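In case you want the letters, here they are:
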Amino acid sequence: MEIGIWKVTSNRPQRYQRGRILLESQLEDWIEQDPSLLSPGLHIVGRQLKVEAGRLDLLGLDPAGHWVIVEIKRGDVRRDTITQAIDYAACIHEMSDTELQTHVDEYLKAHGNNLKQFLQAREWDNSVF
């Protein structure tokens with residue numbers, strides 16, 4: 001079975017051509033720029049964050065203030081990928097609030113924001129940490 005994506009222009013449908021994502025980093029870029037590709041209201045607050053288990057691709061916060069770990073892999077998801085994501089989640093859970101806040105603030109500052117403004121804009125306090 002094949003599924004097509006169509007765009008209607010000038011009252012005519014045009015089929016989008018198949019494309020390939022050559023690099024995981026391309027998909028990571030797209031999600032970083034538009035996290036709603038994964039979930040409405042998701043905010044990316046870290047990228048290539050170094051934790052004890054390695055480097056997690058993206059770290060986000062959902063609208064309820066829950067941490068979201070995004071690990072991108074080409075091809076099939078294997079057991080070791082799930083284990084890797086669980087390890088990353090454990091590392092985030094075990095990280096001190098100060099260390100996690102520092103990482104998030106560094107990422108946000110590099111993107112023209114800061115942690116205080118980010119939290120205030122969402123009417124959150126430091127309780128997410």
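Structure shown above.
Note that the structure is predicted; figures quoted are calculated from it, not measured.

Thoughts on the pattern of salt bridges
Right, on to step 1. Counted under the stated rule, the structure contains five salt bridges.
Right, on to step 2. Between Asp29 and Arg47 there is a salt bridge, with its nearest N and O atoms 2.7 Å apart. Placement of the pair is Asp29 in helix α1 (residues 24-33) and Arg47 in strand β3 (residues 43-51), with a sequence separation of 18 residues.
Right, on to step 3. Residue classification places Asp29 among the partly exposed positions, given a relative accessible area of 29%.
Right, on to step 4. With a closest N to O distance of 2.5 Å, Arg47 and Glu32 form a salt bridge. Here Arg47, found in strand β3, pairs with Glu32, found in helix α1; they are 15 residues apart in sequence, far enough to count as distant.
Right, on to step 5. Using a relative accessible area of 24% as the deciding quantity, one classes Arg47 as partly exposed.
Right, on to step 6. Glu32 sits in the buried class, given a relative accessible area of 19%.
Right, on to step 7. Via salt bridges that share partners, Glu28, Asp29, Glu32 and Arg47 belong to a single interconnected network.

So, helix α3 (residues 97-110)
Because the α-helix completes a turn every 3.6 residues, residues three or four places apart line up on one side.
Right, on to step 1. Here α3 is 14 residues long and its end C-alpha atoms lie 20 Å apart, about the 20 Å a rise of 1.5 Å per residue gives.
Right, on to step 2. Buried within α3 we find Leu100, Val104, Asp105, Tyr107 and Leu108. The buried side chains of α3 occupy one side of the element, clustering within an arc of 160° when seen end-on. Every exposed residue of α3 that faces more than 90 degrees away from the buried side is listed here: Thr98, Glu106, Lys109 and Ala110.
Right, on to step 3. On the buried face of α3, the contacting elements are α1, β3, β4 (54-61), β5 (67-70), α2 (79-94) and α4 (115-121).

Describing the nonpolar core
Nonpolar side chains in soluble globular proteins generally cluster together in the buried interior.
Right, on to step 1. Counting 26 residues, the largest nonpolar core has Val51, Leu59, Ile92 and Val104 as the members making the most contacts within it.
Right, on to step 2. Every element with two or more residues in this core is listed here: β3, β4, α2, α3 and α4.
Right, on to step 3. Residues within four places of Leu59 in sequence aside, it is in contact with His43, Ile44, Val45, Gly46, Leu49, Trp67, Val68, Ile69, Ile92, Leu100 and Val104.

Definitions and limits used
- Residues numbered from 1 in each chain as written.
- Predicted model: local features only at pLDDT ≥ 70, side-chain atom pairs only at ≥ 80, totals over all residues.
- Heavy atoms only, no water.
- Salt bridge = Lys/Arg side-chain N within 4 Å of Asp/Glu carboxyl O.
- Helix = DSSP H or I, 4+ residues; strand = E, 2+ residues; numbered from the N terminus.
- Buried < 20%, exposed > 50% of the residue type's maximum accessible area, 1.4 Å probe, protein only.
- Expected span 1.5 Å × (residues − 1).
- Arc of directions from axis to C-beta.
- Contact = heavy atoms within 4.5 Å.
- Core = buried A, V, L, I, M, F, W, Y, C linked by side-chain atoms within 4.5 Å.

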